[in-house]
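If you want the building blocks of each chain, they are given just below.
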Amino acid sequence: MLRITVDGQPRECEPGTVLQALEALGISIPALCNDSRMAPVGACRTCIVEVEGCGRPVAACTQPVTDGMVVQTRSPTVEAQRRVLLRLLASEYPADAVARHPDKPFHRALREYGLEGELHGSHRPELRDDSHPYIHVDMSQCIHCYRCVRICDEVQGQFVWRVWNRGSNTRILPDGPSLLESSCVSCGACVDSCPSGALEDRTLLDRGWPESWTLTTCPYCGVGCEMDVGTRGGRIVTVRPSREGPSNRGHLCSKGRYAFGFGDAPDRVTVPLLREDRGWRRASWDEALGFIAERLRRLRGAHGPDALAMLGSARATNEENYLAQKLARVVLGTNNVDCCARVCHAPSAAALKLMLGTGASTNSFADVDAARTLLVAGSNTTECHPVVGARIKQAVLRGAKLIVIDSRRTELARYADVHLQPRAGTDVPLLNALAHVVVAEGLGNEDFLRERVDAVEDFRAFIRAWTPERAAELCGVDADALRGAARLYATNGPSMMVHGLGMTEHVQGTETVMALINLALLTGNLGEPGTGVNPMRGQNNVQGSAHMGCEPGNLTGYVPLEANRARFEAAWGAQLPSSPGLDLMRMMDAAREGRLKALWAFGYDVLLTNPEARATREALERLELLVVQDLFLNETARACGHVFLPASTSFEKDGTFMNGERRVQRVRRVQPPAGESLPDWEILCRAARALGHPEGFSFQSPEEVWDEVRRVWPAGAGLSYARLETGGLQWPCPDATHPGTRVLHTHQFASGQRAALRRIDFTPSPEARTDEYPFVLMTGRRLYQFNAGTMTMHTPHKVLQPGDWLDMAPADAERLGLEDGARVRVRSRYGEAVLPMRRAEGLRPGELFTTFHTPEVFINAVTGPHQDGYTHTPEYKVTVVRVERAEPRKEGA
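Conventions we followed
Residues numbered from 1 in each chain as written. Predicted model: local features only at pLDDT ≥ 70, side-chain atom pairs only at ≥ 80, totals over all residues. Heavy atoms only, no water. Helix = DSSP H or I, 4+ residues; strand = E, 2+ residues; numbered from the N terminus. Buried < 20%, exposed > 50% of the residue type's maximum accessible area, 1.4 Å probe, protein only. Pairing = 2+ DSSP bridges. Axes fitted to C-alpha atoms, helices over the stretch in contact; angles between N-to-C directions. Phe/Tyr/Trp six-rings, centres within 6.5 Å; stacked < 30°, edge-to-face > 60°. Lys NZ or Arg CZ within 6 Å of the ring centre and 35° of its normal. Left-handed = near helix turned anticlockwise from the far one by under 90°. Contact = heavy atoms within 4.5 Å. Nonpolar A, V, L, I, M, F, W, Y, C, P; charged D, E, K, R; others polar.

1. Comments concerning unusual backbone geometry
So, step 1. The amide bond that connects glycine 493 to the next residue, proline 494, takes the cis arrangement and shows omega of 0°.
So, step 2. Take proline 494: it is sitting in the loop between helix 19 (479–491) and strand 22 (495–499).
So, step 3. Even without being glycine, histidine 144 reaches a positive phi, approximately 55°.
So, step 4. Relative to the elements of secondary structure, histidine 144 occurs in the loop between strand 7 (135–138) and helix 5 (147–156).
So, step 5. Judged by relative accessible area, which is 31%, histidine 144 ranks as partly exposed.
So, step 6. One non-glycine residue with positive phi stands out, namely histidine 872, at about 70°.
So, step 7. Counting through the fold element by element, histidine 872 comes out in the loop between strand 37 (847–851) and strand 38 (879–885).
So, step 8. Judged by relative accessible area, histidine 872 falls into the buried class, the value being 18%.

2. Description of the sheet that holds strand 11 (residues 212–217)
So, step 1. Taken in spatial order, the 3 strands of this open sheet run 11-12-13, and their pairing is antiparallel. Pairing within the sheet leaves two strands with one partner each, and these edge strands are strand 11 and strand 13 (235–241). Ignoring which end each strand starts from, the neighbouring axes of this sheet average 30° apart.

3. Observations concerning the packing of aromatic side chains
So, step 1. Taken as a whole and judged by the stated rule, the model has 10 aromatic pairs.
So, step 2. Look at tyrosine 220 and phenylalanine 262: their rings are 6.4 Å apart centre to centre, the planes differ by 90°, and that puts the pair in the edge-to-face class. With a gap of 42 residues between them, tyrosine 220 in the loop between strand 11 and strand 12 (226–232) and phenylalanine 262 in the loop between helix 8 (254–258) and strand 14 (273–276) connect regions that are remote in the sequence. Phenylalanine 262 shares its class with tyrosine 220; the two are buried.
So, step 3. Joined through ring pairs, the aromatic side chains of Tyr220, Phe262, Phe651 and Phe786 make up one cluster.
So, step 4. In this structure, lysine 326 packs its charged tip against the face of phenylalanine 697, placed 5.2 Å from the ring centre.
So, step 5. Here arginine 838 stacks its cationic end above the ring of tryptophan 805, 3.8 Å away from the centre of that ring.

4. What about the pairing of strand 15 (residues 279–282)?
So, step 1. Summarising the sheet, strand 14 and strand 15 pair through 4 bridges and their orientation is antiparallel. Directly across from leucine 274, in strand 15, lies its bridge partner arginine 281.
So, step 2. The antiparallel hairpin formed by strand 14 and strand 15 contains 2 residues in its connecting segment.

5. Re the packing of helix 15 (residues 427–440) against helix 19
Packed helices, taken two at a time, are described by their axes: the angle between them and the distance between them.
So, step 1. Two numbers describe how helix 15 lies on helix 19: the axes approach to 9 Å, and their chain directions differ by 65°. For the pair helix 15 and helix 19, the sense of crossing is right-handed. Taken together, the residues of helix 19 that come into contact with helix 15 (itself represented by Leu430, Ala433, Leu434, Val437 and Val438) are Leu482, Arg483, Ala485, Ala486, Arg487 and Ala490.
So, step 2. Residue composition of the contact of helix 15 with helix 19, grouped by class: 9 nonpolar, no polar and 2 charged.

What follows is the structure in structure tokens.
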């Protein structure tokens, strides 16, 4: 600690700048160009202070603190100069802006220095831009602090805001005709940083300033951003990123920042519904749960407990997923329980568990900053996990090396030192070639291999055949590029891997992740900061839903059922089912075959998101009971549901989420549940009572549920709500004094001292191009929509992305005579879909990409039945199709 004197008072502070010291001491001074997320520049000079020994006032934001420093923050000289600076800024400022939003930093400073009467400006229509659905622009209120420019550059890395002209003619404008038509990605960082209201959330202008703020966790992707939610009259009016959030460090993407309005959507269902011959009718909770209980008892009595199944939800809390699998096993008597991890990162969890002993990320998002080389494989990170994607961009701009493995030229590929663009479905040959180069050129970490890795010699003999030339023929990637990537990853460490569904949603998904792990083992890039193998989990709690036991073969803590049966039976006071459970894909098979009679799915639109929609619909239609528990009547409910139970949003309940870096974080209620909707945990407890099994389900709060989770999950025993109040923690965290674990496998693997390399041969996809089906279709998601669109499609994000479209290489579009916007029919062996086409420069000829966000397109009518051999994860990334012009859409259709 440093000893300083501030305004005559002795103080102590940490090293840093004078402004940081003042903020830590609770001493407020204006600092209009400063934002702690950016490097200080001292441009506005409003934070000037006098420092003994300095000849003139200095900017507190750039002046380092020294031991013994004497600082005056309010001397007559400082106050006079500060007033002059503020008067210059205020000379052409609109007076009414201060009255409408008095709490803006600039407005507070004007009031403090008595300058409200010197505001003589007005709002100029030519400086106003309301094109964007979320962001209001009025540059009449711009004070040229340049915070919008710098935060867009230094945090998001988008470079949207540009400074034009000089002096009194200076203007700050976006890089397009309007903000909506610019390169803006709608993260809202510029709005969050703006001290004057030149940039403002439209919801604040429409609904008023928040009366209260609540810290919670984002309901979208697996980054797990913490955010402050502002409410007024019980309604959300704005969301801001938490500056203390360890996963997001004061940043959000467009969805977390703005796509919160789904809870108020007019078509949200907030009462229980039962389907009768003439359609849905309203029911009471007692009637709906009584109907479910009676039907489940009857079906179990007639067909046995394994005719019933439960699907947990990646959108629900840890507590709710824990109760779902406990209800399935203890009350229904079946291990038929799963979640949507099955269709995304189950291969990652399986590969990491098999090879390293823990089915989760080895490292943390903070390690992006520690890595000298980043390898991003099958992840369009800047669109699907934008906050981490922006962090990767910033690391590269600071000098980190970047390798991208992706069949598309993504945004990160444009920043890459090496972009390897393999043919879809050929990742195993590519990764084997990288391993070949590491072995053949002696680039491995011999100390690490000797001390911690088995099967080295067998692997060396196996990998000898996988030359870059051999892989190049299969992948369509230049052999020298493969060598360059391998050398960079192996020699410029620490090297960190980040991978997405482009690696896992294949017939060799699990083995592809194993091949990634092989590279990390060969080079010793495990167990240290800036290294590791890190799946980018797709949904807010997909890591947690599986980890809580929503898997047929695993219990809470992702531990094998049979090896832990006795421990859980003692904890729950009940015998666990002996039959092996069915995963989601096997549930669909069983339903089609008439063996599965009832399915309860919450927070999961199975019909819209499962592959081969025709087969999924056939399976769901054969069920005698399908319970859908969600916010809206999703496609599963519309087509096949018998009972609909209205659930609360994550803004309407308490609990915890587990993000992709193993961090458990609090979810806090910010508004009351809408209508008669209930939190999922309460619905499940009521259901257990309706089924005559209140024992073990008499919880009065999510915290009580979580305390039981901690009792059965030793690695999470230290993650109490009391500790989580001050911030999320990463497991393992076995006791109340443990700080959490940022990096796994530091000294040994969870499975033991040593891990073995795996010999992975290539198995081509059954989906091979033919004259009839000459294209390969890949599916995924884009920036502005989220998975099945259950939440984002009920917000103004529909303006930013109104639907699905097909990306096609320009050469293919030219050959087929298709112009941008042409409606095309995409046919596979399994079905067809019609959607607009756009030319995309980042695709190989012969390959296509689209999303699965909307039922209007229903692209999963096209995807096929092939699955990963270990986990049954569908092969969403390779479906052979043909494309033809469709008839124009008729007016009103």
